[in-house]
Amino acid sequence: MTDVTGAPADVLHTLFHSDQGGHEQVVLCQDRASGLKAVIALHSTALGPALGGTRFYPYASEQEAVADALNLARGMSYKNALAGLDHGGGKAVIIGDPEQIKSEELLLAYGRFVASLGGRYVTACDVGTYVADMDVVARECRWTTGRSPENGGAGDSSVLTAFGVFQGMRASAQHLWGDPTLRGRKVGVAGVGKVGHHLVDHLREDGAEVVITDVRAESVRRILDRHPSGVTAVADTETLIRTEDLDIYAPCALGGALDDDTVPVLTARIVCGAANNQLAHPGVEKDLADRGILYAPDYVVNAGGVIQVADELHGFDFDRCKAKATKIFDTTLAIFARAKQDGIPPAAAADRIAEQRMAEARRH
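Residues numbered from 1 in each chain as written. Predicted model: local features only at pLDDT ≥ 70, side-chain atom pairs only at ≥ 80, totals over all residues. Heavy atoms only, no water.

Colleague: Describe the overall build of the protein, naming the residues involved and giving the relevant values.
Modeller: Looking only at helices and strands, the protein features 15 helices and twelve strands. Along the first, second and third principal axes, the C-alpha atoms of the protein reach 55 × 45 × 40 Å. Counting over 364 residues, the protein shows a buried share of 53%. Partitioning the contacts of the protein with sequence separation of at least 6, the portion at a separation of at least 24 is 64%. Of the roughly 15700 Å² that the protein leaves accessible, carbon and sulfur atoms contribute 49%. Side chains of the protein give 36 positive and 48 negative charges; the mean places of these two sets differ by 4 Å. (Helix = DSSP H or I, 4+ residues; strand = E, 2+ residues; numbered from the N terminus. Buried < 20%, exposed > 50% of the residue type's maximum accessible area, 1.4 Å probe, protein only. Contact = heavy atoms within 4.5 Å. Areas by Shrake-Rupley, 256 points an atom, 1.4 Å probe, with all protein chains shown as cover. Lys, Arg positive; Asp, Glu negative; His and termini not counted. Charge placed at Lys NZ, Arg CZ, Asp CG, Glu CD.)

Written as structure tokens, this is what we have:
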């Protein structure tokens, strides 16, 4: 079913009428010569230009791509607000398999579309896009971060993303067990790619026992070669979440990791990971709380990367960024305290704090 514009009616309903909508602008981009089909979604610019990465993914449908862009953009508004950044939330998705259709021509065309927004949207890397891709996009668009140091950028943001998640884990341990160390704890990491492999390094350095899984065998092999002791691998996420004596579960792949099937069988007492949009649908945060599982909101703990790319706009300084990312520990603790005070799950508490900051910005 479509409306008079030919757009799927349920997408427009989400945008204009649902609680998940409220976006300021959605741009559909197409360049037939290069095969580019993209969606740029700006959720809010109340705190400043919308900032968020570009995801390159083979969506099953254009409708699915739009829905993902809307969800991710909204999440970026909340993430940027809680990270203390002067940026709103935006996100872009490029539809297609990057292994098949990614080209210089396509990335340049995409850069022209981002540039046409005149600075309302600042882009960066995400799933399926890398530093080298942002270098190409930047040739057409000065509102591009996540570039290589050779091209005036900060390079790979996954280093600080992992560091921030580690700070969130330390805060979770402090809140639940009264001690921020992970020494002797068993941590399951699902997805050991760009961010996950750095997280494993932090965990091992702190003395944690780590269990890993990844759909890519080479990613698992790299971790096992790097850490010959203290790390074991299991076949899949289904096995990982059921691992006996698991203290912490860290979803670090794609979203929707916490749903009606996974939450009842989780053995971990804490969920804290790098993946975006981990809660498959509203209500999952309450299911976690009912089971006594402490959930560290994903967009809070994985903000290290966006802190890094935001800093790029002002002349990148790694130490300054790392100091900001270290504060994720305090922010996470504050969210747990607010959740306890208000009698709500941590995810709802984080939303309230972020919404308060955005509302105050709109009033000024």
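Still more to cover.
Colleague: Give me the side chain of Ser 34: which residues, what numbers.
Modeller: Mapped onto the elements of the fold, Ser 34 is located in the loop between strand 1 (25-31) and strand 2 (36-44). On the basis of relative accessible area, Ser 34 is assigned to the buried category, the value being 12%. Of the polar contacts made by the side chain of Ser 34, one reaches the side chain of Asp 31; its length is 2.6 Å. Here Ser 34 is in contact with Glu 105, Leu 106 and Ala 109, once residues within four sequence places are set aside. (Polar contact = N/O pair within 3.5 Å; in protein donor to acceptor, adjacent residues only side chain to side chain.)

Colleague: Quick rundown of the sheet that holds strand 11 (residues 270-271)? Include the residues and the values.
Modeller: Strand pairing in a sheet takes place through backbone hydrogen bonds and is either antiparallel or parallel in direction. The strand order 9-8-7-10-11-12 describes an open sheet built from six strands, whose pairing is parallel. Across the chains shown, the open sheet's two edge strands, defined by having one partner strand only, are strand 9 (231-233) and strand 12 (294-295). Pairing analysis gives two bridges linking strand 10 (residues 248-251) to strand 11, with the strands arranged parallel. Within strand 11, the residue paired with Tyr 249 across the bridge is Val 271. Set on the sheet, helix 8 (residues 217-226) makes contact with strand 8 (209-213) and strand 9; between it and strand 9 the angle comes to about 155°. (Pairing = 2+ DSSP bridges. Axes fitted to C-alpha atoms, helices over the stretch in contact; angles between N-to-C directions.)

Colleague: Can you lay out the pairing of strand 7 (residues 186-190) for me, pointing to particular residues and giving the numbers?
Modeller: Walk down a regular strand and you will see the side chains alternate between the two sheet faces. Within strand 7, five of the five residues are buried, leaving the element largely enclosed by the surrounding structure. In strand 7, alternate side chains face the same way, and those of Lys 186, Gly 188 and Ala 190 on one face and Val 187 and Val 189 on the other are all buried. Of the strand pairs in this sheet, strand 7 and strand 8 are connected by five bridges, and their pairing is parallel. Within strand 8, the position partnered with Val 187 by the bridge is Val 210. Note that the unit made of strand 7, helix 7 (residues 196-205) and strand 8 has a crossover that is right-handed. (Right-handed = clockwise from strand over helix to strand, strands pointing away.)

Colleague: Talk me through the environment of Leu 313; I want residue IDs and the actual numbers.
Modeller: Counting through the fold element by element, Leu 313 comes out in the loop between helix 12 (304-312) and helix 13 (318-326). Along the sequence, Leu 313 and Arg 142 sit 171 residues apart, while their C-alpha atoms lie 9.8 Å from each other. With residues up to four places along the chain from it excluded, the contact list for Leu 313 reads His 87, Val 122 and Thr 145.

Colleague: Would you mind going over the state of the cysteines in detail, with residue names and values included?
Modeller: Enumeration according to the criterion identifies zero disulfides in this entry. The thiol of Cys 252 is not disulfide-bonded; the next cysteine sulfur, from Cys 272, is found 8.5 Å away. Judged by relative accessible area, Cys 252 falls into the buried class, the value being 13%. Left without a disulfide partner, Cys 321 is nearest to the cysteine sulfur of Cys 125, which lies 15 Å away. (Disulfide = S-S within 2.5 Å.)

Colleague: Give a detailed account of the pattern of salt bridges, specifying residues and quantitative values.
Modeller: Close approach of charged atoms lets side chains of opposite charge pair. Inspection of every chain in the model, using the stated rule, returns 19 salt bridges. Here Asp 133 makes a salt bridge to Lys 102, at a shortest N to O gap of 2.7 Å. Here Asp 133 is found in helix 5 (residues 131-137), whereas its partner Lys 102 is found in the loop between helix 3 (98-101) and helix 4 (104-115), with 31 residues between them in sequence. According to the relative accessible area criterion, Asp 133 is buried, its value standing at 9%. In this structure, Arg 226 and Asp 201 form a salt bridge, with 2.9 Å as the shortest nitrogen-oxygen distance. (Salt bridge = Lys/Arg side-chain N within 4 Å of Asp/Glu carboxyl O.)

Colleague: So what about the nonpolar core? Which residues, and what values?
Modeller: Across soluble globular proteins, you tend to see nonpolar side chains buried next to one another. Ranked by internal contacts, the top residues of the largest apolar core, which has 39 residues, are Leu 36, Ile 40, Ile 94, Tyr 110, Tyr 121 and Val 306. The element best represented in this core is helix 4, accounting for six residues. The residues touching Tyr 121, leaving out its near neighbours within four places in the chain, are Ile 40, Leu 42, Ala 50, Gly 52, Gly 53, Thr 54, Gly 90, Lys 91, Ala 92, Tyr 110, Val 114 and Trp 143. Formed by 29 residues, the second largest nonpolar core is a distinct cluster that contains Val 187, Val 189, Cys 272 and Val 301. (Core = buried A, V, L, I, M, F, W, Y, C linked by side-chain atoms within 4.5 Å.)

Colleague: How would you explain the packing of aromatic side chains if you had to name every residue and give the values?
Modeller: Scanning the model with the defined rule gives three aromatic pairs in all. Centre to centre, the rings of Tyr 78 and Tyr 299 are 5.8 Å apart; their planes meet at 70°, and the pair counts as edge-to-face. Here Tyr 78, found in helix 2 (residues 62-82), pairs with Tyr 299, found in helix 11 (residues 298-301); they are 221 residues apart in sequence, far enough to count as distant. Exposure class is identical for Tyr 78 and Tyr 299. Each is buried. Note on Phe 316 and Phe 318: the rings are 6.4 Å apart at their centroids and 75° apart in plane angle, and the pair reads as edge-to-face. (Phe/Tyr/Trp six-rings, centres within 6.5 Å; stacked < 30°, edge-to-face > 60°.)

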